Amino acid sequence: MISVENLTKRYREVTAVENVSFRCEPGTVTGFLGPNGAGKSTTMRMICGLTPPTTGTATVKGVPYRRISNPGRHVGVLLDAAAQHSGRTGRETLALTAQILGVDQKRVGQMLDRVGLSTKAAKRRVGGYSLGMRQRLGIAQALLGDPSVLILDEPANGLDPEGIHWMRSMLRDFADRGGTVLLSSHLLLEVEAVADRFVVIAGGRVAAQGAKDELLTQPTGVVVRALDGAALQSALAQAGLSARPDGQGAFVVDAPAEAVGRAAAATGTVLLELRQASGGGLEELFLSLINPSPADAPTVAAPAPQETLR
Ligand SMILES: Nc1ncnc2c1ncn2[C@@H]1O[C@H](COP(=O)(O)OP(=O)(O)OP(=O)(O)O)[C@@H](O)[C@H]1O
């Protein structure tokens with residue numbers, strides 16, 4: 001179990017993380033989502049005791065990470081796959097970690113197999129690895145101590161579609177056997193298939209969190225697209241409807257489809273698409289949270305740690 005309570009991190013004038021709270025329970029995969037610069041890595045670094053919080057606390061299995069003795073036997077961490085020593089081979093990297101953790105060297109070969117790094121690849125220096133191979137090695141390293149908690153920052157970066165599929169199955173299996181997984185990504189689709197819960201962070205604050213099903217049933221308005229986007233925006237504004245771009249040329253509007261259609265008709269705006277946003281899964285929810293309209297911004301960013309959208 002991972003517990004994060006009111007974590008805040010300030011760097012001089014920059015507030016990287018503000019009042020973030022959430023829990024990750026055994027048997028679940030929690031997707032930690034947010035755009036670049038949202039505060040994911042800073043939060044994960046605070047959980048792992050690498051960055052001291054300005055205020056707030058984080059515990060893993062009930063204790064602060066830095067107080068866990070031989071933490072690699074309890075918590076597998078992969079924060080930066082590119083940070084591995086480039087002069088060692090993959091096998092040497094794992095052998096050294098096994099020695100430090102005090103686990104049987106037999107696990108080195110087992111973990112290489114588990115992450116799909118061949119004997120030949122394991123004999124090569126890490127400096128020559130692709131990012132995807134480094135991610136696999138990093139995951140093998142995280143799993144080496146047979147931990148019950150995994151904390152992985154953007155582990156899908158650099159993985160090909162087969163690699164992403166493999167990682168999802170591995171994490172699902174880990175959680176199904178009682179493990180706790182916290183997994184960050186800036187791409188919703190990467191984690192949507194594997195996560196049970198989501199914590200969405202934007203601008204350093206929790207914008208939404210809850211079970212996947214719960215978030216999917218949240219009303220998210222309608223998606224509307226017009227031949228002329230600027231004309232549509234002005235038509236919606238004239239009708240007093242607040243709209244936010246979905247990042248793909250359309251707008252998400254928190255209003256019934258009829259009101260949006262009438263606003264367009266009143267100004268002679270030609271619509272190409274008008275549909276319920278909820279049909280699009282978490283993607284639209286995620287986009288609406290990270291691209292709030294000015295009117296929505298303060299509400300979306302409100303830092304009250306609830307279990308559902310706010
Ligand atoms: N050491 C630091 N000094 C100053 N500002 C920092 C520091 N570390 C992070 N930040 C700032 O804090 C904010 C959050 O950064 P963070 O790396 O946690 O985001 P992220 O969600 O992990 O982004 P990405 O997906 O791009 O890795 C950013 O504005 C970043 O510039």
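Residues numbered from 1 in each chain as written. Predicted model: local features only at pLDDT ≥ 70, side-chain atom pairs only at ≥ 80, totals over all residues.

Going by the annotation in an unreviewed UniProt entry, the name recorded for the protein chain is ATP-binding cassette domain-containing protein, with Actinomadura rudentiformis given as the source organism. What the UniProt record of the protein chain gives under Sequence similarities (unreviewed entry) is the line "Belongs to the ABC transporter superfamily." (UniProt positions renumbered as here; feature names shortened; annotations may be inferred.)

Chemist: So what exactly am I meant to see when it comes to the site of the ligand here?
Modeler: Contacts to the ligand come from Tyr11, Val14, Ala16, Gly34, Asn36, Gly37, Ala38, Gly39, Lys40, Ser41, Thr42 and His186. Mapped onto the shell around the ligand, the elements with two or more residues apiece are β2 (14-24) and α1 (40-47). Per-element accounting of the shell around the ligand gives the leading share, 3 residues, to α1. In terms of residue class, the shell around the ligand is built from 4 nonpolar, 7 polar and 1 charged. (Near = placed C-beta within 6 Å. Helix = DSSP H or I, 4+ residues; strand = E, 2+ residues; numbered from the N terminus. Nonpolar A, V, L, I, M, F, W, Y, C, P; charged D, E, K, R; others polar.)

Chemist: Hey, could you run me through the pairing of strand β10 (residues 222-226) in this one?
Modeler: Residues in a regular strand point their side chains to alternate faces of the sheet. By the criterion of burial, β10 is predominantly enclosed, with 4 of the 5 residues buried. Pairing geometry for β10 and strand β12 (residues 251-253), over 3 bridges, is antiparallel. Looking across to β12, one finds that valine 223 is bridged to valine 252. When β10 meets strand β13 (residues 271-276), the two strands line up antiparallel, connected through 5 bridges. Paired with valine 222 across the two strands is glutamine 276, which belongs to β13. (Buried ≥ 20, exposed ≤ 12 C-beta atoms within 10 Å, placed from the backbone. Pairing = 2+ DSSP bridges.)

Chemist: Help me understand the packing of helix α9 (residues 229-238) against helix α10 (residues 257-266), please; the structure alone is not making it clear to me.
Modeler: Between α9 and α10, whose axes approach to 9 Å, the crossing angle comes to 110 degrees. As the angle between them shows, α9 and α10 are arranged roughly perpendicular. Like other packed secondary-structure pairs, α9 and α10 cross with a definite hand, here right-handed. Across from Leu232, Ala235, Leu236 and Gln238 in α9, the residues of α10 making contact are Ala263, Ala264 and Ala266. (Axes fitted to C-alpha atoms, helices over the stretch in contact; angles between N-to-C directions. Parallel < 35°, antiparallel > 145°, perpendicular 65-115°, else oblique. Left-handed = near helix turned anticlockwise from the far one by under 90°. Contact = placed C-beta atoms within 7 Å.)

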